[in-house]
Amino acid sequence: YEAIDASHDHTFYQMDGLMVDKNISISNMIAVMKELLRGIFKKEVEVRVRPGFFPFVEPGIEIDMKCMICNGAGCPTCKQSGWLEILPGGLVHPNVLRAGGLDPKVYDGFAFDVGVTRLAMMKYGIDDIRLFNSGDLRFLEQF
């Protein structure tokens, strides 16, 4: 449960990603996520990394990006923090690798989610997530 506000709505769209190979680390995940954001926004995006809990990864991290609505100054979109959670995930839990038929002593990986609505908000300067589901054609037709 989360209250509806400028960055939380009753419906959201999410894309999941997974990378599995030998010798994958959190550093690989962070580098790939930074490159993903650079590709989407066509510029360097300031990020911060903090711990998070998700049952399918260990350790879990949350990658936040500096809010592009207020440029980190604080606004309703980022709850006055200057940051927006954008890429939660972490290293794939060994039990998940085993369930997939892989030996966790040989293989590692990372998994992440990204809220595509939040990405669109930051890319196009949309300060309220509720606009996407508002049914307001004036808003929707500009895209």
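Residues numbered from 1 in each chain as written. Predicted model: local features only at pLDDT ≥ 70, side-chain atom pairs only at ≥ 80, totals over all residues. Heavy atoms only, no water.

Draft legend 1. Layout of the state of the cysteines. For the coordinates displayed, the defined rule picks out zero disulfides. The structure places no disulfide on C67, whose sulfur is separated from the nearest cysteine sulfur, that of C70, by 3.7 Å. There is no disulfide at C75, and the cysteine sulfur nearest it, in C70, is 3.7 Å away. Among the residues examined, C75 registers a relative accessible area of 9% and is labelled buried. (Disulfide = S-S within 2.5 Å. Buried < 20%, exposed > 50% of the residue type's maximum accessible area, 1.4 Å probe, protein only.)

Draft legend 2. The arrangement of helix 1 (residues 26-41) in detail. In a regular helix each residue adds 1.5 Å, so 16 residues correspond to 22 Å; helix 1 covers 22 Å between its end C-alpha atoms and thus fits that length. For helix 1, every residue scored as buried is listed here: I26, M29, M33, L37 and F41. Around the axis of helix 1, the buried residues are gathered within 85 degrees of arc, so they sit on the same side. Buried positions along helix 1 lie against strand 2 (47-52), strand 3 (57-66), strand 4 (83-92), strand 5 (108-115) and helix 3 (116-124). Measuring from the side-chain oxygen of the N-cap residue of helix 1 to the backbone nitrogen of S27 gives 3.2 Å; that N-cap residue is S25. K42, located one to two residues past helix 1, shows a positive phi value of around 60 degrees. (Helix = DSSP H or I, 4+ residues; strand = E, 2+ residues; numbered from the N terminus. Expected span 1.5 Å × (residues − 1). Arc of directions from axis to C-beta. Contact = heavy atoms within 4.5 Å. Polar contact = N/O pair within 3.5 Å; in protein donor to acceptor, adjacent residues only side chain to side chain.)

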